[in-house]
Amino acid sequence: MNKISKALCIALGAATACISVAGCSSEKVQRTVYELPYYDGTTYEEGAEQPVYSSELWRRNDVNKGEPDPFILDNTEIDGFYYRYGTNGSRQFVAYRSTDLDYWVDCGIILQNPDGWKNGWAPEVVYDDPTDDGKNNGTYYFYFSMTYPGAESSKAYDTQKDANGMSDAPHSLFVATSKSPSGPFTMVDFTDANSCGAENVRTINAGDYGYECAYLKNMLFEPLATNAAWAQIMPERVSVNSDKLCNNIDPSPFVDPVTKKKYLIFNHERQPSPILIMEMENWLKPKPETTKVLARCGYYTVEDYEKAQRGETVETYEFEQRTNKVNEGPFMYYNAANQKYYLTYSVNGFQDATYAVAQAVSDNVDGGFRKLTQAENGLILSADDGGNQFATGTGHHSFFHIGEKLYLCYHKHTTVGTVDDGRHTAVDEVKFVTIKDKNGEDLDVMYVNGPTVTPQPAIVKGMEYADISEKLQSVTLVNGELVNGSDTKWLNDGLLSYNMKLNQDFLNTYVKETEVSEESTFELTFKDYETIRGFMIYNSKDLSKAFRKIKNIEFVTEENGAEKIYYIKELELDGKSNFKYNEFELMYGNYVIEAIAYGGGVYAEFNALNVKTIRFTVEIPEGQQSVGLSEIAVMGKVN
């Protein structure tokens, strides 16, 4: 990633000026301030579509290239690295590692399958060290789905037809092991005790099946026992005596923090695809008799689905039936704060702009999940029903922590609106918001500050500087007028304002902007002086309430025991990054704005200052009635 040199940040010599500053009263006070040299993230390299940014303070998803269906393994406690895996689409898998989640080093091919294997999808990795002796001599288990030679025509498969009447090549689940997260991984052979361990060996008698398949020895699920168990919970899909191979994708290993039991969560490939969970005796020994259905596509609960099959009328989940009828890419998260399990998953097809991540909640890991409604923020990550003109195809995700903060790793379309140019990896922060659920009870629900496409505060563990806005003691309006019902508290609640179509009841209640009806000045105050290097102000999600610039930015500092004020005259919004213009009008040199980037705004970085108070002024653009401010971020030194 490009880094802005310190020379650029201090290119302007400090100058003094005598200016009028609006205080708490109507009187204006004359103060001597010092012009602050800064960089505002609007410098473009020749031919570049996006401006240069400093990775010391900021990150940006639109340049964070990576694979679809990304999974990030936090291995930092063992070797100091994060590892990233994803869909390759071929017969091999690769991995990347990073210390800062910004610069990734290619680990090379970590698993190479024989010729003819293809469609390697959605890998996830879990580390297990049964000895727990602190020596880190455990094993990494690499779960994935793939097809293999003859799969398209094999009598072993219950194939499905796509919209064009063509047979798909269904996937099977496999697992490979390694002593290193960077591989090489070796495919497990369940007929070989040296490969899978004596306790996991299974005998394959060709006469038990109505077909021959050389890859039965490598398949995670043995078809006869698995289908016999699944016939009890999915009779519409599997018959009791079926010997056909199990069609599954998107394996996700999960250890229940409460019981310490091991589980594998995955989805059945045939549409409308349900999500299943199976307990594992160990990471190589499934227990098919424990399989349960966690979610049914198009229904809020499994119970609702079962009622519908009996002819009863139930409420259906309309958004899940826009394109492909799938519940896929499952990932389980346990929230220790409220002792609830969150089943998160993707809906609609990955090719479609409306691909999105949804959430369901339960008190139990293996059942009882209820999908949340849009009024409860049921869709935690989306392209706003295709209305987001900067990011589409946002889905298939995983979670990871940096310190106490939770982050979502996902993919989105490289070219907005189409999958034709591929998908790439993105990362955004996850918050929990306490709401009143549909029964009037308190419930913590997930909310994602994304998808973002403009520069955002960097998130690297161990960085010298990070967003410390949560340390602000007060956020006040010192001059101007708030819109009736608005409040300055929403300027620092940690929630970015997103979406104009989906989840509107939730957003209107819980994710609000600080809105002003006239030119207004805000003051941010820390309890003590903080060392800061950057400052960001987020814009409104509503184009009709968006600011064009922030002016009169003051930083009240302390130097040699004396107060000193540094000053930035104005930060103008970079229209190229924050606005989408009408392409037809552009041909005639007219800049007609069609859309604004959610989560965008202005920022400045500068040499470190010891700051107690920040002030800034927002003006109302001509023709607008108000301006909404979504959030602020202050890049300060981490104590």
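Bear in mind that the values here come from a model prediction, so they are computed numbers and not experimental data. (Residues numbered from 1 in each chain as written. Predicted model: local features only at pLDDT ≥ 70, side-chain atom pairs only at ≥ 80, totals over all residues. Heavy atoms only, no water.)

Caption draft 1: Region of interest: the overall build of the protein. A tally of regular secondary structure across the protein gives eight helices and 37 strands. As displayed, the protein offers around 26,600 Å² of accessible surface, 45% of which is attributable to carbon and sulfur atoms. The distance from the centre of the 59 positive side-chain charges to the centre of the 92 negative ones in the protein is 1 Å. (Helix = DSSP H or I, 4+ residues; strand = E, 2+ residues; numbered from the N terminus. Areas by Shrake-Rupley, 256 points an atom, 1.4 Å probe, with all protein chains shown as cover. Lys, Arg positive; Asp, Glu negative; His and termini not counted. Charge placed at Lys NZ, Arg CZ, Asp CG, Glu CD.)

Caption draft 2: Representation of a nonpolar patch on the surface in the model. A cluster of nonpolar residues, Phe-584, Met-587 and Tyr-588, forms a patch on the protein surface that exposes about 410 Å² of accessible area. Tracing the chain through its elements places Phe-584 in helix H8 (residues 583-586). By relative accessible area, Phe-584 is classed as exposed at 51%. (Patch = residues over 30% accessible without salt bridge, like charges linked within 9 Å, V, L, I, M, F, W, Y side chains within 5 Å. Salt bridge = Lys/Arg side-chain N within 4 Å of Asp/Glu carboxyl O. Buried < 20%, exposed > 50% of the residue type's maximum accessible area, 1.4 Å probe, protein only.)

Caption draft 3: Main features of unusual backbone geometry. A cis amide bond, omega 5 degrees, links Gly-183 with the succeeding residue Pro-184. Within the secondary structure, Pro-184 sits in the loop between strand E10 (172-178) and strand E11 (186-187). Look at the link from Gln-271 to Pro-272: it is a cis peptide, with omega at -5 degrees. Positive phi outside glycine occurs at Asn-552, with the angle close to 50 degrees. Here Asn-552 lies in strand E31 (residues 549-559). Non-glycine residue Asn-560 carries a positive phi angle of around 55 degrees. Its location among the elements puts Asn-560 in the loop between E31 and strand E32 (562-572).

Caption draft 4: Quick look at the nonpolar core. The biggest cluster of nonpolar side chains holds 67 residues, and the ones touching the most others in it are Tyr-85, Phe-142, Phe-144, Tyr-148 and Leu-245. Counting residues in each nonpolar core, the second largest holds 36 residues, with Leu-472, Phe-547, Leu-609 and Val-618 among its members. (Core = buried A, V, L, I, M, F, W, Y, C linked by side-chain atoms within 4.5 Å.)

Caption draft 5: Region of the structure containing the pattern of salt bridges. According to the stated counting rule, one finds 31 salt bridges in the structure shown. Linking Glu-67 and Arg-84 is a salt bridge whose minimum nitrogen-to-oxygen distance equals 3.1 Å. Of this pair, Glu-67 sits in the loop between strand E3 (58-59) and strand E4 (71-75) while Arg-84 sits in strand E5 (residues 81-85); the two residues are 17 residues apart in sequence, bridging distant segments of the chain. One exposure class covers both Glu-67 and Arg-84, and it is buried. Note that Arg-423 is salt-bridged to Asp-69, the shortest N-O span being 3.9 Å. Residue Arg-423 is located in strand E24 (residues 418-436), and its partner Asp-69 is located in the loop between E3 and E4; the two are separated by 354 residues in the primary sequence. Of the residues examined, Arg-423 reaches a relative accessible area of 15% and is grouped as buried. Within this structure, Glu-519, Lys-549, Lys-551, Glu-570 and Glu-619 form a network of salt bridges that share partners.

Caption draft 6: Fine view of empty space enclosed by the protein. Tallied over the entire structure, the rule returns four cavities of 30 Å³ or more. What the largest cavity holds in volume is close to 150 Å³. Around the largest cavity, the lining comprises 18 residues; the ones closest to its centre are Pro-455, Asn-578, Gly-601, Val-602 and Tyr-603. Of all the elements in the fold, those that place two or more residues in the lining of the largest cavity are strand E30 (520-538), helix H7 (575-578) and strand E35 (601-618). When residues of the lining of the largest cavity are assigned to their parent elements, the largest contribution, three residues, is made by E35. In the lining of the largest cavity, the residues fall into seven nonpolar, eight polar and three charged. Roughly 70 Å³ of internal volume is contained in the second largest cavity. (1 Å grid on protein atoms, 1.4 Å probe; cavity = no way out; pocket = protein on both sides within 12 Å on 5 of 7 lines; lining within 4 Å. Points joined across faces, edges and corners; volume = space filled by probe spheres on them. Nonpolar A, V, L, I, M, F, W, Y, C, P; charged D, E, K, R; others polar.)

Caption draft 7: Seen up close, the environment of Val-602. Position of Val-602 relative to the elements: it lies in strand E35. The spatial distance from the C-alpha of Val-602 to the C-alpha of Pro-455 is 9.1 Å, given a sequence separation of 147 residues. In this structure Val-602 touches Phe-535, Met-536, Ile-537, Phe-547, Ile-550, Leu-571, Glu-572 and Leu-573, once residues within four positions along its chain are discounted. (Contact = heavy atoms within 4.5 Å.)

Caption draft 8: Expanded view of the pairing of strand E12 (residues 248-255). Taking burial as the measure, the eight residues of E12 include seven buried ones, the bulk of the element. Both E12 and strand E13 (residues 262-268) contribute to a ladder of six bridges, which runs antiparallel. Considered in E13, the bridge of Val-255 is made with Lys-262. Adjacent in sequence and paired antiparallel, E12 and E13 are bridged by six residues, among which Lys-260 carries a positive phi angle near 70 degrees. (Pairing = 2+ DSSP bridges.)

Caption draft 9: Here's a closer look at the side chain of Asn-267. Assignment of secondary structure puts Asn-267 in strand E13. Here Asn-267 falls in the buried class, since its relative accessible area comes to 1%. Once you skip the residues sitting within four places of it in the chain, Asn-267 turns out to touch Asn-247, Asn-248, Ile-249, Asp-250, Ser-273, Pro-274, Ile-275, Asn-327, Glu-328, Gly-329 and Pro-330.

Caption draft 10: Focus on the packing of aromatic side chains. Applying the stated rule across the entire model yields 38 aromatic pairs. Residues Phe-142 and Phe-144 carry aromatic rings whose centres are separated by 5.6 Å and whose planes lie at 50 degrees to one another, so their mutual orientation is tilted. When the centroid spacing of 6.2 Å and the interplanar angle of 70 degrees are considered together, the rings of Tyr-143 and Trp-283 count as edge-to-face. With a gap of 140 residues between them, Tyr-143 in strand E9 (residues 139-147) and Trp-283 in the loop between strand E14 (275-282) and strand E15 (285-286) connect regions that are remote in the sequence. Comparing Tyr-143 with Trp-283 shows no difference in burial state: the two are buried. Taking NZ or CZ as reference, Arg-84 lies 4.7 Å from the ring centre of Trp-104, over its face. A cation over a ring is seen here: Lys-612 above Tyr-529, with NZ or CZ 5.5 Å from the ring centre. (Phe/Tyr/Trp six-rings, centres within 6.5 Å; stacked < 30°, edge-to-face > 60°. Lys NZ or Arg CZ within 6 Å of the ring centre and 35° of its normal.)

Caption draft 11: The arrangement of helix H4 (residues 223-233) in detail. All of the buried residues along H4 are Pro-223, Thr-226, Asn-227, Ala-229, Trp-230 and Ala-231. Residues of H4 that are buried sit in contact with E12, E13 and E14. Where H4 begins, one side-chain oxygen reaches toward the backbone nitrogen of Leu-224, 3.1 Å away; that side chain belongs to Glu-222. (Polar contact = N/O pair within 3.5 Å; in protein donor to acceptor, adjacent residues only side chain to side chain.)

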